[in-house]
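Observations on the three-dimensional arrangement
In case you want the letters, here they are:
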Amino acid sequence: MNAEIFAALAQLEKERGIPQSYMIEKITQALVAAYKKDKDGYTDNVFVDTDGGDMHMYVQKEVVEDVISPATEISLEQARKINGRAELGDLINVDVETKAFGRIAAQTAKQVIIQGIREAERGMVFDTFSSKEHEILTGTVLRIEPNSGDMTIRIGNGNDKTDALLSGSEQVRGERFQEGDLIRVYVVEVRRSNRGPQVIVSRTHPGLVKRLFELNVPEIESGLVEVKSIAREPGSRTKLAVCATEENIDPVGACVGPRGGRVGAVVEELRGEKMDIVVWSEDPTKFVASALSPADVVSVTVLPGMGKACRVIVPDDQLSLAIGKEGQNARLAARLTGYKIDIKPASQAAAIEAEEAGEPAEE
């Protein structure tokens, strides 16, 4: 029986990756729990010996002349049947016949072992997917809740697969998926729960855009181009600020790729979401001007005493382009740069400067 147990544990480790040492500990707990179910009274003197690739269960008893407590004591006569050199006061390990356990005790042992396997598998799944936080994974849509729209996504392969939650709030408006569809998601967080690890994924997170560019732009993967910041309105438009870590590298050109192939692959994955790729700069005036692309900018002035705020002057015919539809371009530029941006047309520039200087504006 011992040989069969250890063979089964070796197979379990091979197939599911559960260490034999972990399962031996759980079996030990199961045997002790079964003994306690089967025997009333004191049971703290029960232990399982697994040394030498074998497994034996013992109850340790003291050798006494008159046995008062059979759970903890053994007569000298009985002790010498186990060990011929036993003397009064010695501690003797009495072999426990686990086959004699009753049905309830055996069921208890089975439950402990099954629970041990579940806990081990959950622990391994948690460890596996914790290491994949902030990465992109491909999964299969298992279920879509009709009321909330929440999706259950099966991600991973083999023993490392698990179900992830793509809530309605993390889905891009307008994207439609059906059960069985393949979907690429961004792993936001892995949480522990009573039902096992809970993997939270997203299609709206800015990290999804960053990872997609890393997958499609070798210069980002190698560190020659760095993504400094991202502002995204999922399903509509994203602004990406990039810079080169070495001279003679065009960071925007690297991200766009030959004939727009690299940015095109990202746009295709995001179902047509528009991409504005701009050059990042330590100089806030240059960065803000770049962030308002595709609009042309006449000047950018950082406003003193107002925190991170600036005024931007644009040609009159570029005003609507700089602001964007429903203010989207200006809003994304502000989020990308971290600056509050006040956009004014060039026709008002002189009046604004005069007002700030305390001079009357020209009629």
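Residues numbered from 1 in each chain as written. Predicted model: local features only at pLDDT ≥ 70, side-chain atom pairs only at ≥ 80, totals over all residues. Heavy atoms only, no water.

1. Some details on unusual backbone geometry
Following Ser293, the chain continues to Pro294 via a peptide bond in cis, the omega torsion being 15°. Of note in the backbone geometry, Arg271 takes a positive phi value of approximately 60° without being a glycine. With respect to the element layout, Arg271 can be found in the loop between helix 8 (261–269) and strand 12 (274–279). Looking at Arg271, the relative accessible area reads 46%, which means it is partly exposed. In the Ramachandran plot, Glu326 falls in the positive-phi region, its phi being about 55° despite a non-glycine side chain. Structurally, the position occupied by Glu326 is in the loop between helix 10 (319–323) and helix 11 (328–337). Residue Glu326 is classed as exposed on the basis of its relative accessible area of 71%. (Helix = DSSP H or I, 4+ residues; strand = E, 2+ residues; numbered from the N terminus. Buried < 20%, exposed > 50% of the residue type's maximum accessible area, 1.4 Å probe, protein only.)

2. Examining the sheet that holds strand 5 (residues 136–144)
Taking strand neighbours around the barrel as the criterion, the 5 strands line up as 5-6-7-9-8 in a closed arrangement whose pairing is mixed. Averaged over neighbouring strand pairs, the angle between their axes works out to 50° when direction is ignored. With 2 bridges connecting them, strand 7 (residues 162–166) and strand 9 (residues 198–202) associate as parallel partners. Counted as the bridge partner of Ala164 is Val199 from strand 9. Running over the sheet, helix 5 (residues 206–216) touches strand 5, strand 8 (182–191) and strand 9 and is turned about 120° from strand 8. (Pairing = 2+ DSSP bridges. Axes fitted to C-alpha atoms, helices over the stretch in contact; angles between N-to-C directions. Contact = heavy atoms within 4.5 Å.)

3. What to know about the environment of Ile117
Within the secondary structure, Ile117 is located in helix 4 (residues 103–130). In this structure the C-alpha to C-alpha distance between Ile117 and Val227, which are 110 residues apart in sequence, comes to 43 Å.

4. A short note on the packing of aromatic side chains
Within the structure shown, the criterion is met by 1 aromatic pair. Arranged with centres 6.4 Å apart and planes meeting at 65°, the rings of Trp280 and Phe287 form a pair that is edge-to-face. Classification of Trp280 as partly exposed rests on a relative accessible area of 25%. Its guanidinium or amino end placed over the ring of Trp280, Lys228 lies 4.5 Å from that ring's centre, counting from NZ or CZ. (Phe/Tyr/Trp six-rings, centres within 6.5 Å; stacked < 30°, edge-to-face > 60°. Lys NZ or Arg CZ within 6 Å of the ring centre and 35° of its normal.)

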